[in-house]
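In case you want the letters, here they are:
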Amino acid sequence: LILLSSQVFSQPYTVRIQELTINNKQYDGTTSATINFSGGLYYHGNQGPYNDGDPVGEVGLSIVTTNAVATFASKDVGTGIGVTVTGLAITGNANYNLNSTTYSTATANITTKSLIVKANDANKQYSNNASTDPAFTVSYTGFVAGEGPGNLGGTLSVTRATGETLGTYTITPSGLTSSNYSISF
């Protein structure tokens, strides 16, 4: 027990982590987040001479994030997405306890990932009369693991420049959309 100002206060003191920040990330199809700790420890509730929210001074405390797991509320692209961090701890002074091993007031952004949709080369046999174009196909570069064309919206359309004489014609894909990918054709 500590006697201050004619009042008796019992230790350990309870502290909370405040201002924990999370790194923004590019869309990766998961809810995993990365802690970028820039916060501090503050008293939790009025405790003796300390008021709720007072910063904890130099008492040898360290925040331990070794076993911490940070998780976005959604895997999809967005701004200000809620992030919950579990498994937090403190070490360094037995007179202090952490009020919660979970921190749930952090937010961060998930930005779009680049996706390239490229028309594959195709050949058409020349003849004096116009013939049907071959079936056009595309290739994709940039999907995250476990995702593919089925994760896109819109309808794929592949067209080629007009003309039937011998030569090279540009094949152009279009029509696909996504809120998680920034699509380049």
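Residues numbered from 1 in each chain as written. Predicted model: local features only at pLDDT ≥ 70, side-chain atom pairs only at ≥ 80, totals over all residues. Heavy atoms only, no water.

1. Re the overall build of the protein chain
(1) Moving on: Scanning the protein chain from N- to C-terminus turns up zero helices and 17 strands.
(2) Moving on: Relative to the 2.2 N^0.38 estimate, which gives 16 Å for 185 residues, the radius of gyration of the protein chain is 29 Å and therefore markedly larger than a compact globule would have.
(3) Moving on: Dimensions of the protein chain along its principal axes, counting C-alpha atoms only, are 105 × 20 × 20 Å.
(4) Moving on: Expressed as a percentage of the 185 residues in the protein chain, the buried residues total 26%.
(5) Moving on: Taking contacts inside the protein chain between residues at least 6 apart in sequence as the whole, the part at least 24 apart equals 58%.
(6) Moving on: Element-wise, carbon and sulfur atoms account for 47% of the exposed surface of the protein chain, whose accessible area totals about 10,900 Å².
(7) Moving on: Averaged over its 7 positive side-chain charges, the protein chain has a centre that lies 13 Å from the centre of its 10 negative ones. (Helix = DSSP H or I, 4+ residues; strand = E, 2+ residues; numbered from the N terminus. Rg over C-alpha atoms; globule rule 2.2 N^0.38 Å. Buried < 20%, exposed > 50% of the residue type's maximum accessible area, 1.4 Å probe, protein only. Contact = heavy atoms within 4.5 Å. Areas by Shrake-Rupley, 256 points an atom, 1.4 Å probe, with all protein chains shown as cover. Lys, Arg positive; Asp, Glu negative; His and termini not counted. Charge placed at Lys NZ, Arg CZ, Asp CG, Glu CD.)

2. Overview of the side chain of Q47
(1) Moving on: Looking at the secondary structure, you find Q47 in the loop between β6 (35-43) and β7 (62-64).
(2) Moving on: Among the polar contacts made by the side chain of Q47, one reaches the main-chain carbonyl oxygen of T14 at a distance of 2.6 Å. (Polar contact = N/O pair within 3.5 Å; in protein donor to acceptor, adjacent residues only side chain to side chain.)

3. What to know about the sheet that holds strand β8 (residues 69-72)
(1) Moving on: Taken in spatial order, the five strands of this open sheet run β4-β12-β9-β8-β5, and their pairing is mixed. Since the sheet does not close on itself, it has two edges, and those belong to β4 (25-26) and β5 (32-33), each with one partner.
(2) Moving on: Judged from the four bridges that link them, β8 and strand β9 (residues 78-86) form a sheet pairing that is antiparallel. When the bridges of β9 are listed, V69 appears paired with T86. (Pairing = 2+ DSSP bridges.)

Just geometry here; none of it tells us what the structure is for.
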